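One-letter residues, chain by chain:
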Amino acid sequence: MKIGIRAIVAASLVITSNASLMITPAQQRITSNEGQAAIVATAPAYIATKPATINTVATNTSTINATSIKTVAAKKTTTKQVPSKYKIKLKTSGNVNLRKYGNTNCKILQVVKKGTVVYAQKTGARFVQVYVNGKTGYISAKYLTKNGKAISYKNSTVKKTTSKTTTKTTKAKNRWGITLTAAEKKLLAQITYLEAGDQSDVGEQAVIVVIFNRMKNSYFKGSLTHVLSARGQFTTWKYRNRAKPTSREYKNIETVLSGKSKANNWKYLYFNMGHGKFKYGDHYFS
């Protein structure tokens, strides 16, 4: 017998709740609109452990004579709400890095694509704190626009913390016009301790005066390090790091630098333990 059936119904299921699902076969009767015949077919019946609503949309004129269908709903996709404090709507003008802090030396959280909408609390800085894709971070202001126009910012608003080492020098009050850094004073104190640590204060000051005379002399002229490390001059140079100068050495250095030493006007360039023009303590000066 010839049967005329237009089509079997196609339906879409819209799931609105979440439950566990079990599927079992069940027989349903499908009847053509023309009423010429009826056939029995097997169709799926959905049984859920939790009731859920279902919407069916028929795509032709056939009908289904079926029992009520219960199904499990899929989990709804929710969009994260933008925190209320991020009220300024901006858009990226290019692919840009979202950074942890407002500088280029920190971690990159993610790359934000061109045309992405981001939200900011305020603008004006070189890096703007924004909320995007459920995260907060910083984006360079030059890659952000508002209403299609680039936002303005000041480079000076981002401050970099740097460690600065200040070098203190003593203002020149001596006939040489010499000033020393803290590092140079330490070096001079080491050599003075090794050369004249067993002498009187003036004896130490006299050695310091000889060193300063050499720094300004045309033959020995150079920096403190140059004079002390010159070949064949101060044999104590190679032992400098073994020296343990005390406050006395530093005090005598300051006395000479301030022009208050008894030896300040001495013009000698050499000293030794053997012979010379003038003897002071155990040293001969020439």
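Residues numbered from 1 in each chain as written. Predicted model: local features only at pLDDT ≥ 70, side-chain atom pairs only at ≥ 80, totals over all residues. Heavy atoms only, no water.

J.: Before we go on, may I ask you to explain a nonpolar patch on the surface in this structure?
T.: Together, Tyr193, Leu194 and Tyr239 give the surface a local cluster of nonpolar side chains, amounting to about 240 Å² of exposed area. By the secondary structure assignment, Tyr193 is in helix α1 (residues 182–196). The class for Tyr193 is partly exposed, based on a relative accessible area of 32%. (Patch = residues over 30% accessible without salt bridge, like charges linked within 9 Å, V, L, I, M, F, W, Y side chains within 5 Å. Areas by Shrake-Rupley, 256 points an atom, 1.4 Å probe, with all protein chains shown as cover. Salt bridge = Lys/Arg side-chain N within 4 Å of Asp/Glu carboxyl O. Helix = DSSP H or I, 4+ residues; strand = E, 2+ residues; numbered from the N terminus. Buried < 20%, exposed > 50% of the residue type's maximum accessible area, 1.4 Å probe, protein only.)

J.: Even after reading the chapter, I still don't get the packing of aromatic side chains, so can you show me in this structure?
T.: Any pair of aromatic rings gets described here by the distance separating the centres and the angle formed by the planes. Counting across every chain of the model gives 13 aromatic pairs. Between Tyr86 and Tyr131, the ring centres sit 5.9 Å apart and the planes meet at 40°, which makes this aromatic pair tilted. In this pair, Tyr86 sits in the loop between β3 (63–65) and β4 (88–92) while Tyr131 sits in strand β8 (residues 127–132), placing the two residues 45 residues apart along the sequence. The burial state of Tyr86 is the same as that of Tyr131; both residues are buried. The interplanar angle of 75° and the centroid separation of 5.9 Å between the aromatic rings of Phe220 and Tyr270 together place this pair among those described as edge-to-face. Of this pair, Phe220 sits in the loop between α2 (201–216) and α3 (224–229) while Tyr270 sits in the loop between α4 (247–257) and β12 (271–272), and the two are 50 residues apart along the sequence. We classify Tyr270 as partly exposed; its relative accessible area is 39%. A connected cluster of aromatic rings, assembled from ring pairs, spans Phe234, Trp266, Tyr268, Phe271, Phe278, Tyr280 and Phe285. (Phe/Tyr/Trp six-rings, centres within 6.5 Å; stacked < 30°, edge-to-face > 60°.)

J.: Explanation requested: the pattern of salt bridges in the structure shown.
T.: Should the charged atoms of two oppositely charged side chains come close, the side chains can pair. Scanning the model with the defined rule gives four salt bridges in all. In this structure, the salt-bridge partner of Arg248 is Glu249, at a minimum N-O distance of 4.0 Å. Judged by relative accessible area, which is 2%, Glu249 ranks as buried. Several salt bridges converge on common partners, so that one network encompasses Asp201, Glu204, Arg248 and Glu249.

J.: I keep staring at the packing of α2 against α4 and nothing clicks. Help me out?
T.: How two helices sit against one another is set out by the angle between their axes and by the gap between those axes. For the pair α2 and α4, the least separation of the axes is 9 Å and the interaxial angle reads 55°. Classified by the interaxial angle, the pair formed by α2 and α4 is oblique. Between α2 and α4 the crossing geometry is right-handed. Across the interface between the two elements, Asp201, Glu204, Gln205, Ile208, Val209 and Phe212 of α2 pack against Arg248, Glu249, Asn252, Ile253, Thr255, Val256 and Leu257 of α4. Residue composition of the contact of α2 with α4, grouped by class: six nonpolar, three polar and four charged. (Axes fitted to C-alpha atoms, helices over the stretch in contact; angles between N-to-C directions. Parallel < 35°, antiparallel > 145°, perpendicular 65-115°, else oblique. Left-handed = near helix turned anticlockwise from the far one by under 90°. Contact = heavy atoms within 4.5 Å. Nonpolar A, V, L, I, M, F, W, Y, C, P; charged D, E, K, R; others polar.)

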